[in-house]
Amino acid sequence: NVKSAATSRGNTYAVKKDGSLWAWGDNKYGQLGNGTISSYDKTSFKIIKQNGKLNPEKIMDDVSSVSAGKEHVLAIKKDGSLWAWGNNEYGQLGDGTQTSRLKPIKIMDDVVSASCYDSSPSVSLSVKKDGTLWRWGLYVDISGSSPQIYKTPEKISENVKSTYSGLSYVTEDGSLFLLQDNYLIDRDGKTWHRYDFSKKARDVAFASIEGDPEIGR
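As the structure is a prediction and not an experimental result, all values here were calculated from the model.

The rules behind the values
- Residues numbered from 1 in each chain as written.
- Predicted model: local features only at pLDDT ≥ 70, side-chain atom pairs only at ≥ 80, totals over all residues.
- Heavy atoms only, no water.
- Phe/Tyr/Trp six-rings, centres within 6.5 Å; stacked < 30°, edge-to-face > 60°.
- Lys NZ or Arg CZ within 6 Å of the ring centre and 35° of its normal.
- Helix = DSSP H or I, 4+ residues; strand = E, 2+ residues; numbered from the N terminus.
- Contact = heavy atoms within 4.5 Å.
- Pairing = 2+ DSSP bridges.
- Axes fitted to C-alpha atoms, helices over the stretch in contact; angles between N-to-C directions.

Below, the discussion takes up the packing of aromatic side chains. Scanning all chains against the criterion turns up zero aromatic pairs. Geometry around tyrosine 150 places arginine 135 over its ring, the cationic atom sitting 4.3 Å from the centre.

Right, dumping it as structure tokens:
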């Protein structure tokens, strides 16, 4: 009876058809959302208290979708409200603080799409019903300058349909835009450099490619 699922490094989240959200795996930063956290010795990095879960645990109800980052999670409820929990070192939860949350906390309303990057602990994106795109967390702008922390959602674009991986989004006309540290390779093999989200492609073959791909060089 699972409707959808999301995974990250050490965690899995599943939304059942009845709208219940279930989680299991690592809980170092409270990313399970069950109100507990695992404790680690700062010198040896050995687990002092393990609150991770080997079996699925119910976290919340009335969920329509979930996105899993490396250390934080975003969930959209059926009423369009966006909820976040887990690590908040760089403001990636979007609640105006840098305090990690062990349980889901409401961030904003009227959300239709949300994503966070599972290879980075610090980025989040959401799209609202009116087509506006919002970002928060640790981002590098188009110039590749020093990263900046956004502790609350900041509007950055309009006419957006959906977002993926916390680093890219698709507009209403089907164009793909890229944010921050990733690459795009189109069907012709042309590679666009990271940080350049002024570029767009309509026939996309691959997106969010990590590292420095040789294809198209």
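The rest of the description comes next.
A few words now on the side chain of serine 157. Along the chain, serine 157 falls in strand β14 (residues 148-157). Apart from the residues lying within four places of it in its own chain, the contact partners of serine 157 are Gly131, Thr132, Leu133 and Tyr169.

Hydrogen bonding along the main chain pairs the strands of a sheet, whether they run parallel or antiparallel. Strand order in this open sheet of four strands is β11-β12-β13-β14, and the pairing throughout is antiparallel. The open sheet has two edge strands with one neighbour each: β11 (111-116) and β14. If you compare each strand with its neighbour and ignore which way they point, the axes differ by 15 degrees on average. With five bridges connecting them, β11 and strand β12 (residues 123-128) associate as antiparallel partners. The partner of valine 111 across the bridge, within β12, is lysine 128.

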